[in-house]
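Summary of the model geometry
Single-letter residue listing:
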Amino acid sequence: MTTIAASGLSVATPRVVVVPTVRVSAPVRLNYPWKLGSMNRMVVVVKATSEGGISDKVEKSIQEAKETCADDPVSGECVAAWDEVEELSAAASHARDKKKAGGSDPLEEYCNDNPETDECRTYDN
Amino acid sequence: MAVSTIYSTQALNSTHFLTSSSSSKQVFLYRRQPQTNRRFNTLITCSQETIVIGLAADSGCGKSTFMRRLTSVFGGAAKPPKGGNPDSNTLISDTTTVICLDDYHSLDRYGRKEQKVTALDPRANDFDLMYEQVKALKSGVAVEKPIYNHVTGLLDAPELIQPPKILVIEGLHPMFDERVRDLLDFSIYLDISNEVKFAWKIQRDMAERGHSLESIKASIEARKPDFDAFIDPQKQYADAVIEVLPTQLIPDDNEGKVLRVRLIMKEGVKYFSPVYLFDEGSTISWIPCGRKLTCSYPGIKFNYEPDSYFDHEVSVLEMDGQFDRLDELIYVESHLSNLSTKFYGEVTQQMLKHADFPGSNNGTGLFQTIVGLKIRDLYEQLIANKATARAEAKA
């Protein structure tokens, strides 16, 4: 058995094997000693794309498109450049809508999309 | 709806685990009963029918109003997959999964710039993968679908998509590839006329720094050749086309606020009965505003007629103008026939439920809602049909 288990834990079933996922040098003091086996650390990756980023991209792409098209208005590059502008504008508008909708209250935002769920039902009388 | 048969058998040493054999669609559940000493093997065989709906639209993916209305008709709200890529284009509700066809781009934004092709070009899309995955989902197999990140313009790591009851594929090319077209149970094409497109894009983009009237115009003009060559021809394959045109009620209107919307419904499509006004197959022109109903300017005008569209027999229901009040909506609904509603006033209820969505006061919202109800009807008929066929096969 491990040193941690030797500190006087009473384990429910004799067949449980505690495999320590964390090696610690100092004695570990836990509020819930039976939770030792599940000491996982959750890593939350938040991918936040700022709205300013997309707007800048749109602006840059418009400038690029204008430059590319100044040489030859019907070339593939020109068309591809304007297509990129269109794609980025659409993404920017989606981001703006999301920001407008979700800025205030997360519950509001959820209820706007799902008015029939239990949390969002309203009763008028 | 799933038909499942459950068998219980004895099993040997087992703990909690789940395996699924995709070819036979069987799920093995091993469960240890703590109370008794006997352990059971539970074998569940499920067969789920998935219907596939295709929606061709130029306006980006997934979060469009049409999709939200459609998923709302089926009940439940469609949300992006939990815990996944936040820039995922997929929407999932209890019954419906909406897949954005942009995820099947074979070239990302940089690749397209290099190859000098637009996203509309078939060379930028992987139709083989699209066909394989839609086929897999239709037959009840989960797939790892790539994600096209619209923000970065790159192809992200794939996400797992479970086969839903209703699969909607939305994007630029749902009906382009013949094999994918054959998989579709119902297809819709959203046809926005150039004037309306211009007006909408102005509204959308003028707030954006860097955009001007000229740049918006140039963007539309530049994409037009590819659009006309690759996207527009899909119109002829659609079972329903929603055409959005400028209004005829206001002379020289260029704001695009009041719209004339035409719902072109193909005749002879299995499980799809077109909506009609007063008398099926006849030509009707109807202005509901008068003595019983007062409307404000510019009023409402309806038209219904049989027609021919790309050599197909079609029925066209047209609405010009906009709704101002609830009673106008309910009045109109009470005069339309074959709406596939489950109760009187369902169309009005759905429109009111999403009164803040764009198009809620004109034909776009009305016809999108009606198409949603038609799809629900188609789904239920298909399921009922398959169930009786299975029952007959067993007997």
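Cut-off values and rules
Residues numbered from 1 in each chain as written. Chains lettered and ligands numbered in written order. Predicted model: local features only at pLDDT ≥ 70, side-chain atom pairs only at ≥ 80, totals over all residues. Heavy atoms only, no water. Contact = heavy atoms within 4.5 Å. Buried area = accessible area lost by both parts, 1.4 Å probe. Salt bridge = Lys/Arg side-chain N within 4 Å of Asp/Glu carboxyl O. Helix = DSSP H or I, 4+ residues; strand = E, 2+ residues; numbered from the N terminus. Nonpolar A, V, L, I, M, F, W, Y, C, P; charged D, E, K, R; others polar. Buried < 20%, exposed > 50% of the residue type's maximum accessible area, 1.4 Å probe, protein only. Pairing = 2+ DSSP bridges. Patch = residues over 30% accessible without salt bridge, like charges linked within 9 Å, V, L, I, M, F, W, Y side chains within 5 Å. Areas by Shrake-Rupley, 256 points an atom, 1.4 Å probe, with all protein chains shown as cover. Lys, Arg positive; Asp, Glu negative; His and termini not counted. Charge placed at Lys NZ, Arg CZ, Asp CG, Glu CD. Polar contact = N/O pair within 3.5 Å; in protein donor to acceptor, adjacent residues only side chain to side chain. Phe/Tyr/Trp six-rings, centres within 6.5 Å; stacked < 30°, edge-to-face > 60°.

1. Topic: the interface of chain A and chain B
Contacts between the two partners involve 36 residues from chain A, matched on the other side by 39 residues from chain B. Interface area, chain A with chain B, both sides summed: about 3,200 Å², of which 51% is carbon and sulfur. For the interface between chain A and chain B, the tally reads 10 salt bridges. The partner of B:Lys201 in a salt bridge is A:Glu86, with the nearest N and O atoms 3.2 Å apart. By residue number, the principal contributor to the side of chain A that touches chain B is helix H2 (residues 76–102) of chain A, which donates 18 residues. Each residue belonging to the side of chain A that touches chain B can be placed in one class, and the counts come to 13 nonpolar, eight polar and 15 charged.

2. Re the pairing of strand E7 (residues 96–100) of chain B
Residues and elements named next belong to chain B. The element E7 is largely enclosed, with a buried count of five among its five residues. Here E7 shows no split at all, with Thr96, Val98 and Cys100 on one side and Thr97 and Ile99 on the other all buried. Judged from the two bridges that link them, strand E6 (residues 91–92) and E7 form a sheet pairing that is antiparallel. Directly across from Ile92, in E7, lies its bridge partner Thr97. Hairpin connection of E6 to E7: three residues between the antiparallel strands. The sheet contact formed by E7 and strand E10 (residues 166–171) spans five bridges and is parallel. What sits directly across from Cys100, in E10, is Glu170.

3. Regarding the pattern of salt bridges
All chains considered together, the criterion is met by 30 salt bridges over all chains. Linking A:Glu77 and B:Lys116 is a salt bridge whose minimum nitrogen-to-oxygen distance equals 3.6 Å. Highlighted residues: A:Glu77 in helix H2 and B:Lys116 in the loop between helix H2 (109–115) and helix H3 (127–138), drawn from two different chains. Taking the shortest distance from any N to any O, the salt bridge between B:Arg325 and B:Glu328 comes out at 3.4 Å. A relative accessible area of 34% means that B:Arg325 is categorised as partly exposed.

4. Quick look at a negative patch on the surface
Residue and element names in this part refer to chain B. Among the surface-exposed residues, Glu267, Asp279, Glu280, Asp307 and Glu313 lie close enough to one another that they form a single negatively charged patch. As for its position among the elements, Glu267 is in the loop between strand E13 (259–266) and strand E14 (276–277). Under the relative-accessibility criterion, Glu267 is labelled partly exposed at 34%.

5. A short note on the side chain of B:Asp87
Looking at the secondary structure, you find B:Asp87 in the loop between helix H1 (65–74) and E6. At 3.0 Å, the side chain of B:Asp87 and the side chain of B:Asn149 are in polar contact.

6. Regarding the packing of aromatic side chains
Residue and element names in this part refer to chain B. Applying the stated criterion to the full structure yields six aromatic pairs over all chains. For the pair Phe127 and Phe176, a centre-to-centre distance of 5.2 Å together with 20 degrees between the ring planes defines the contact as stacked. Highlighted residues: Phe127 in helix H3 and Phe176 in the loop between E10 and helix H4 (178–183), separated in sequence by 49 residues. The class of Phe127 is buried, set by a relative accessible area of 9%. Residue classification places Phe176 among the partly exposed positions, given a relative accessible area of 30%. Where Trp286 meets Tyr331, the ring centres are 6.3 Å apart and the plane angle is 20 degrees; that geometry is what we call stacked. Of the two residues, Trp286 sits in strand E15 (residues 284–286) while Tyr331 sits in helix H7 (residues 326–335), which places them 45 residues apart along the sequence. For the residue pair Trp286 and Tyr331, the accessibility class agrees, reading buried in each case.

Geometric values such as these leave the question of function open.
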